[in-house]
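In case you want the letters, here they are:
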Amino acid sequence: MSKDFALILTAAGKSERFNNGEKGAKKEYSLINGKSIVRMALDAFLPLPELRRVVITVPKGGEKEMKTSLGEVDSEIPIAFIEGGPSRTQSISHAMEYLSSFSDYSLIAIHDGARPFIDRDTICNCLYAADSYGGAIPGIRVADAMKRADEEAFIVSSVDRNGVWRIQTPQIFQRDKILSIYSTLKEDESFDDDASLFSSRGGRVNIVEGNEDNIKITWKDDLKRNKSNMRIGFGNDIHRLEEGRKLYIGGVLLDHTKGEVAHSDGDVLIHAVIDAILGAKAMGDIGTYFPPEAKKWKDADSKELLKVILDKTKPSIINIDATITLEGFKLNPHILDIRRSLAEILSSSIDKVSIKAKTNEGLDALGKGDAIKAEVVVLLDD
């Protein structure tokens, strides 16, 4: 990176689609892991040594709320809050007018305040390209077939996808060129983005390969796509084995001379899965919901216990990895049946359920075949 730059962070919109047309908080103020979306977007740029100043567009009277959402910013970079206009183009125009008073930078980056997952490489690549060509934007090549439809969603024609890109931000431009272009903007002019305006005035904009993770939060469901929302849970369970008891693993009854000693049917794998899911959700453990002193759960079917927990937690399972330690019984021939059974209970596909069998090399109660143990890791999309 060779050029200093100023950042315009756009956050003056009404978030109407995010709130489904109803009155509600701005999407930029929604929290992801305790941090607002707009703060995440800002934090992606602050560590760059070439950043000279920041302008954040806000709704009328929205400066105080924006500052509250950002929290304390430990940076010497000056941050200004500029009231936006009736359109994105007009909001950027107000920010450009403010920035025209300063000359301590050579490039201007314009980034959506609702794109919290922008990465450093994309920013730097766009800065290099803008310095070379005048303007640069990140984009993703369109790989799917494209169709044009009428108002009733019936196909009218095919669209040639060659040369078609899905455009992201930041959109970065050479300072003097973009300021000059915005100074010619008429009040009734409005553009989808700054690259469209720049191109309409004869500017060249280079598309830089973007990042699929750099999504714009538009609908509330977009928050679920955030990889940072994934949660990990760990569960483990161990039971003594005695003759005359039945051996259940993952809801499968196995033909063994010994079975689990427990208040319920003792399915050690399902119990560990329950603890892992509850752990990922920070909702306690199996004893919280099925205390051993409660007669109601005496000899209970562990599959039903898991269904109760699934109903309470409603987990979106990405995958489960389990290790079962059992001596004196070959589990490997039964692994596929156990995976199928557990996947069915979880309403998941079998490829998301991994089961491994181990021995304890003759050590302690597990190694003597007097106990069985299950350890489970679960990854959830929260």
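Below or above, wherever it landed, is the structure these notes cover. Nothing here was measured: the structure is a model prediction, and the numbers come from that model.

A look at helix H2 (residues 63-70)
Because the α-helix completes a turn every 3.6 residues, residues three or four places apart line up on one side.
Turning to step 1, where the next piece is worked out: Taken residue by residue, H2 has Met66, Ser69 and Leu70 as its buried positions. The buried residues of H2 occupy one face: seen down the axis, they fall within an arc of 95°. For H2, exposure combined with an orientation more than 90 degrees from the buried face picks out Lys64 and Thr68.
Turning to step 2, where the next piece is worked out: At its buried positions, H2 is contacted by strand S3 (35-36), helix H1 (37-45), strand S4 (51-58) and strand S5 (79-83).
Turning to step 3, where the next piece is worked out: Gly71, located one to two residues past H2, shows a positive phi value of around 75°.

Focus on the pattern of salt bridges
Turning to step 1, where the next piece is worked out: Applying the stated rule across the entire model yields 21 salt bridges.
Turning to step 2, where the next piece is worked out: For Glu28, the salt bridge goes to Lys26, with nearest N and O atoms at 3.0 Å. The same class applies to Glu28 and to Lys26, which are both buried.
Turning to step 3, where the next piece is worked out: The salt bridge partner of Glu304 is Lys307, with a shortest N-O separation of 3.5 Å. Residue Glu304 and its partner Lys307 are located together in helix H9 (residues 302-313), separated by three residues, close to a single helical turn.
Turning to step 4, where the next piece is worked out: Taking the relative accessible area as the measure of exposure, Lys307 reaches 41% and is therefore partly exposed.
Turning to step 5, where the next piece is worked out: Within this structure, Arg88, Asp112, Arg115 and Asp194 form a network of salt bridges that share partners.

Looking at the pairing of strand S8 (residues 146-149)
Turning to step 1, where the next piece is worked out: Bridge count for S8 against strand S9 (residues 155-159) is four bridges, and the pairing is antiparallel. By the bridge assignment, Arg148 is partnered in S9 with Ser157.
Turning to step 2, where the next piece is worked out: Hairpin connection from S8 to S9: five residues lie between these consecutive antiparallel strands, with Ala153 at a positive phi of about 70°.

Looking at the packing of aromatic side chains
Turning to step 1, where the next piece is worked out: Overall, the coordinates contain three aromatic pairs when judged by the stated rule.
Turning to step 2, where the next piece is worked out: Consider the rings of Tyr98 and Phe102, whose centres lie 5.2 Å apart with planes at 55°: the pair is tilted.
Turning to step 3, where the next piece is worked out: What makes Phe102 partly exposed here is its relative accessible area of 24%.
Turning to step 4, where the next piece is worked out: Seen in terms of ring centroids, Phe173 and Phe198 are 4.8 Å apart; in terms of plane orientation they differ by 40°. Their pairing is tilted. Of this pair, Phe173 sits in strand S11 (residues 171-174) while Phe198 sits in helix H6 (residues 194-200), and the two are 25 residues apart along the sequence. In this structure, Phe173 and Phe198 share a single accessibility class: buried.
Turning to step 5, where the next piece is worked out: It is Lys26 that lies over the ring of Tyr29; its NZ or CZ is 6.0 Å from the centre.

Details of the sheet that holds strand S18 (residues 353-358)
Turning to step 1, where the next piece is worked out: One open sheet accounts for five strands, arranged S16-S13-S19-S17-S18; its pairing is mixed. Edge positions in the open sheet fall to strand S16 (258-260) and S18, since each of these has one partner strand only. Taking the axes of each pair of neighbouring strands and ignoring which way they run, one obtains an average angle of 20° across the sheet.
Turning to step 2, where the next piece is worked out: As paired elements, strand S17 (residues 317-325) and strand S19 (residues 371-381) share eight bridges and run antiparallel to each other. Paired with Ile317 across the bridge in S19 is Leu380.

Each value, and the rule that gives it
- Residues numbered from 1 in each chain as written.
- Predicted model: local features only at pLDDT ≥ 70, side-chain atom pairs only at ≥ 80, totals over all residues.
- Heavy atoms only, no water.
- Buried < 20%, exposed > 50% of the residue type's maximum accessible area, 1.4 Å probe, protein only.
- Helix = DSSP H or I, 4+ residues; strand = E, 2+ residues; numbered from the N terminus.
- Arc of directions from axis to C-beta.
- Contact = heavy atoms within 4.5 Å.
- Salt bridge = Lys/Arg side-chain N within 4 Å of Asp/Glu carboxyl O.
- Pairing = 2+ DSSP bridges.
- Phe/Tyr/Trp six-rings, centres within 6.5 Å; stacked < 30°, edge-to-face > 60°.
- Lys NZ or Arg CZ within 6 Å of the ring centre and 35° of its normal.
- Axes fitted to C-alpha atoms, helices over the stretch in contact; angles between N-to-C directions.

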